[in-house]
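The residues making up each chain are set out below.
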Amino acid sequence: MTNPLEYAPWLYRATLTLHVSAVTLSVALFTARGLGVAWRQAWPMQARWRWLSVALDTVLMAAGLTLWGLLQFNPTRDTWLGVKLVLLLVYIVLGSYGLKRAKTHRARLLFFVAALATALTIISIALAHHPLGWLAS
Ligand code: HEM
C-alpha cells in the first residue's frame, strides 16, 4: 500500500496542526471551567461551554484518529499510543467527576487536579512518543 505521507505530506501537517490546536483549546477550556467550578461559579456548566467542549473534543479525536490511520500506527506495537488511549479514558472519567459528578466540592477539586495531571501526562507521552513521556529522557 502507498504511504499517504509520501503523496500527501500536507494532509499530515494540516491534520497534526488541527489536532494540536484542538488539544490546546480543549485543555485550556477544561482548565478554565475547572477553575470556575472551584470558585463556585455557575458559567462552567452553561450549555454553550459544555457544547464548545464537546465540539473541541470531537475535532481533537477525529484528527487524532486520522493521524493514527495516516501514520499506520499500531497501539500494541507503538505502546505510547496504546498508553495514551487508555489515559484518554481515565482523563474523560476524572474530568466528568471534576466538573460535575463528584458529590462534594473538595472531591470535585481533587478530581479536577487529577484530570489536569492526566492531560499533561498524555501530552508528554505524545510529544516523547514514549509511554513514560518526559520521564523517559
Ligand atoms: C482519540 C484520541 C487520540 C488519538 C487517536 C491521538 C492520536 C495521535 C497521533 C497518532 C499522534 C502522532 C502524530 C505524529 O507522530 O506526528 C498524536 C499527536 C499528538 N497528540 Fe494525540 N491523539 C488523541 C488524543 C489526544 C489527547 C486527548 C491529547 C492531549 C490531552 C493529545 C495530544 C497530542 C499532542 C500534543 C500531539 C503532538 C505530538 C507531536 O507534535 O509530536 N492527543 N496524537
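Residues numbered from 1 in each chain as written. Predicted model: local features only at pLDDT ≥ 70, side-chain atom pairs only at ≥ 80, totals over all residues. Heavy atoms only, no water.

1. Considerations on the overall build of the chain
Okay, so step 1: Scanning the chain for helices and strands turns up five helices and zero strands.
Okay, so step 2: From first element to last, N terminus to C terminus, the chain shows the α and β order α-α-α-α-α.
Okay, so step 3: Dimensions of the chain, computed from the C-alpha atoms along their principal axes, are close to 55 × 30 × 20 Å.
Okay, so step 4: Relative to its 137 residues, the chain shows a buried fraction of 31%.
Okay, so step 5: Of all intrachain contacts in the chain linking residues separated by at least 6 positions in sequence, the fraction that spans at least 24 positions is 66%. (Helix = DSSP H or I, 4+ residues; strand = E, 2+ residues; numbered from the N terminus. Buried < 20%, exposed > 50% of the residue type's maximum accessible area, 1.4 Å probe, protein only. Contact = heavy atoms within 4.5 Å.)

2. A few points about the coordination of the iron atom of the ligand
Okay, so step 1: For the iron atom of the ligand, the full set of protein donor atoms is His19 (NE2) and Lys84 (NZ), at a range of 1.8 to 2.1 Å.
Okay, so step 2: Every donor counted, the six donor atoms about the iron atom of the ligand form angles of 84 to 177 degrees at the centre, which fits octahedral coordination. Taken together, the positions of His19 in helix H2 (residues 9-38) and Lys84 in helix H4 (residues 79-101) put the pair 65 residues apart, joining distant regions of the chain.
Okay, so step 3: The exposure class of His19 is buried, given its relative accessible area of 11%. (Donors = N, O, S within 2.8 Å, 3.2 Å for Na, K, Ca; no water. Tetrahedral: all angles 85-135°; square planar, octahedral: opposite > 155°, others 65-115°.)

3. Quick look at a nonpolar patch on the surface
Okay, so step 1: On the surface, a cluster of nonpolar side chains totalling about 280 Å² of accessible area is made up of Met61, Leu89 and Ile92.
Okay, so step 2: Relative to the assigned elements, Ile92 resides in helix H4. (Patch = residues over 30% accessible without salt bridge, like charges linked within 9 Å, V, L, I, M, F, W, Y side chains within 5 Å. Areas by Shrake-Rupley, 256 points an atom, 1.4 Å probe, with all protein chains shown as cover. Salt bridge = Lys/Arg side-chain N within 4 Å of Asp/Glu carboxyl O.)

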